[in-house]
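# Fold and geometry: a report
Single-letter residue listing:
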Amino acid sequence: MHGGEHSGAQQVVIGTGAGVGSAVVGLLPWIVTGMRLPLQNTWATPTTDPSDMPIALLPFSQYAVTTIAAVLLVGGAVTGIVVRVLRGRGALGRSGSLAALGGLVGLQVVAVVETAVVTGAGMRMDGTPGTGGEISASQLYVVALTVGSLVCVAVAAVTAALVARAAPAGALVALALAAVALGVWADALVVPPVEAVGAGAAPVLAVLRWLPAVAVGAAIAWTGLRTIGQGIVAVVALGILWTGAALVTAVSYALGSRVLLPYPVEMVSAGATVFVMAMGPAGATLLPVVVAVVIGVVGAVAVRWWTQRHRRPAAV
């Protein structure tokens, strides 16, 4: 073996470690809180003390839906970035890349299943039917959170695969989606899920609101703007950034309402209304896009200049 090359077994070990480690990084905002399941409205044993709640690997709560999605998607993006870097250095091949994906998905599925079991075991399941049928509102609640979380795991896996192995233009779209999730992830590090925003956290959150724009701009700079195709993909990434924050707000509102949970049509309608309202004045919502464009263009020029300056001369 030469340089950074590793045997198949070593690549599997490295890849699995990369996937599991990246999933843990994604879960970090929840891990630092102590991972106590948020207080539930239909908990079988009424309590107002968060320390009475069991340990859960995800913050199952209708008020933390976007946080659940963020910690899973960020884990996927980190996996993709790590695998892409290791592949570039010859440390991972196909088997190692697949192992990384397996480590990511494996840990995230374990987190979803463990949280679903813990939540279901403690809920009061004999409440008023939430669908007009035999399924109680609590059962519907647990099933909805579980299915939604598993969908997020699938999206995280696709994100990891695109970032790890797709062409830069294809990876850019996945990175733009991850950038929106990164904003929610970073906010959760400052303000734990389902907790109110304190006065001290407000200035930090005001700074963090620019994080997705910086991330998208950096991704555009990495991809480059040398071709029409790259420019089109960059515009798509900017569109994702533009609508992402409003979409997060709309989803948080719609899924965070227990009144709307049993009524999907009304939930979608309410979410759509909030989405339009959250877009707000064009100037305010486009400002992060402008920041991303400036970072992307300046960064792309700088990267191209650096690459040309350090390019090895062709052999004579």
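In case you missed it, the structure is sitting above this.
The paragraphs below set out a description of the structure included in this document. (Residues numbered from 1 in each chain as written. Predicted model: local features only at pLDDT ≥ 70, side-chain atom pairs only at ≥ 80, totals over all residues. Heavy atoms only, no water.)

So, on to the overall build of the protein. Of regular secondary structure, the protein possesses 10 helices and 0 strands. Traced from its N-terminal end to its C-terminal end, the protein shows the element sequence α-α-α-α-α-α-α-α-α-α. Taking all 316 residues of the protein together, the buried fraction comes to 41%. Contacts spanning at least 24 positions in sequence make up 72% of the contacts within the protein whose residues lie at least 6 apart. In the form shown here, the protein has an accessible surface area of approximately 15800 Å², with 71% of it arising from carbon and sulfur atoms. (Helix = DSSP H or I, 4+ residues; strand = E, 2+ residues; numbered from the N terminus. Buried < 20%, exposed > 50% of the residue type's maximum accessible area, 1.4 Å probe, protein only. Contact = heavy atoms within 4.5 Å. Areas by Shrake-Rupley, 256 points an atom, 1.4 Å probe, with all protein chains shown as cover.)

Another aspect to go through is the packing of helix α2 (residues 65-88) against helix α4 (residues 137-165). Two elements in contact, α2 and α4, have axes whose closest approach is 7 Å; the angle formed by their N-to-C orientations is 20°. On the basis of their axis angle, the class for α2 and α4 is roughly parallel. For the pair α2 and α4, the crossing hand works out as right-handed. Considering only residue class, the contact of α2 with α4 consists of 17 nonpolar, 5 polar and 3 charged. (Axes fitted to C-alpha atoms, helices over the stretch in contact; angles between N-to-C directions. Parallel < 35°, antiparallel > 145°, perpendicular 65-115°, else oblique. Left-handed = near helix turned anticlockwise from the far one by under 90°. Nonpolar A, V, L, I, M, F, W, Y, C, P; charged D, E, K, R; others polar.)

The next thing to look at is the nonpolar core. L37, L58, F60, V71, L72 and W185 are the most contacted members of the largest nonpolar core, which has 33 residues in total. Elements that contribute at least two residues to this core include exactly α2, α3 (94-122), α4, α5 (168-190) and α6 (202-208). Ignoring anything within four residues of it in the chain, the contact list for F60 reads L37, P38, Q40, I68, V112, T115, A116, T119, Y141, L145, T146 and S149. If you look at the next biggest cluster of nonpolar residues, it comprises 19 residues, including V180, V216, I220 and V289. (Core = buried A, V, L, I, M, F, W, Y, C linked by side-chain atoms within 4.5 Å.)

What follows is about the environment of E195. Mapped onto the secondary structure, E195 falls in the loop between α5 and α6. Counting along the chain gives 132 residues from E195 to Y63, while the straight-line C-alpha distance between them is 9.5 Å.

As far as function goes, none of this settles anything; it's purely spatial.
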